[in-house]
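Each chain, written out:
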Amino acid sequence: MPAKSKAQQKAAGAALAAKRGEKKKSELKGASNGMEESMTEKELEEMASTKRKGKKEHVSDK
């Protein structure tokens, strides 16, 4: 699933780095912490590789 916003794409990238051992899990904050625990490496990779062009910084839940 592609990221819906730049913030979501960035969080997925941070979670992916932690899952691969490139970053400490204790350094994760907010959504990236939950993503690291609940998503597979393949799902995170797909979300993190989403193009940022044309994406909003944040998208509301509504």
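Notes on the structure follow. It should be emphasised that the depicted structure is a prediction, and the values quoted were computed from it without experimental measurement.

1. Some details on helix 2 (residues 31-38)
Of the residues making up helix 2, those classed as buried are Ser32, Met35 and Glu36. End-on, the buried residues of helix 2 take up no more than an arc of 100°, which puts them together on one face. Residues Glu37 and Ser38 are exposed on helix 2 and point more than 90 degrees away from its buried face.

2. Things to note about the side chain of serine 5
Considering the arrangement of structural elements, one finds serine 5 in the segment before helix 1 (6-19). Only 3.2 Å separates the side chain of serine 5 from the backbone nitrogen of glutamine 8, close enough to count as a polar contact. Each residue touching serine 5, except ones within four places of it in the same chain, is listed here: Lys55, Lys56, Glu57, His58 and Val59.

3. Digging into the nonpolar core
Counting residues in hydrophobic clusters, the biggest one holds 10 residues: Ala3, Ala11, Ala12, Ala15, Leu16, Met35, Met39, Leu44, Met47 and Ala48. Where this core is concerned, the elements lending two or more residues are helix 1 and helix 3 (41-48). Examining the composition of this core, we find that 4 residues originate from one element, helix 1, more than from any other.

4. Some remarks on the pattern of salt bridges
Two side chains with opposite charge may pair up if their charged atoms get near one another. On inspection of all chains with the given rule, the structure shows 4 salt bridges. Of the charged contacts, one joins glutamate 57 and lysine 10 as a salt bridge, the two residues approaching to 3.4 Å between their closest N and O atoms. Pair noted here: glutamate 57 is in the segment after helix 3 and lysine 10 is in helix 1, with a separation of 47 residues, a long-range link. The class for glutamate 57 is partly exposed, based on a relative accessible area of 36%.

The rules behind the values
- Residues numbered from 1 in each chain as written.
- Predicted model: local features only at pLDDT ≥ 70, side-chain atom pairs only at ≥ 80, totals over all residues.
- Heavy atoms only, no water.
- Buried < 20%, exposed > 50% of the residue type's maximum accessible area, 1.4 Å probe, protein only.
- Helix = DSSP H or I, 4+ residues; strand = E, 2+ residues; numbered from the N terminus.
- Arc of directions from axis to C-beta.
- Polar contact = N/O pair within 3.5 Å; in protein donor to acceptor, adjacent residues only side chain to side chain.
- Contact = heavy atoms within 4.5 Å.
- Core = buried A, V, L, I, M, F, W, Y, C linked by side-chain atoms within 4.5 Å.
- Salt bridge = Lys/Arg side-chain N within 4 Å of Asp/Glu carboxyl O.

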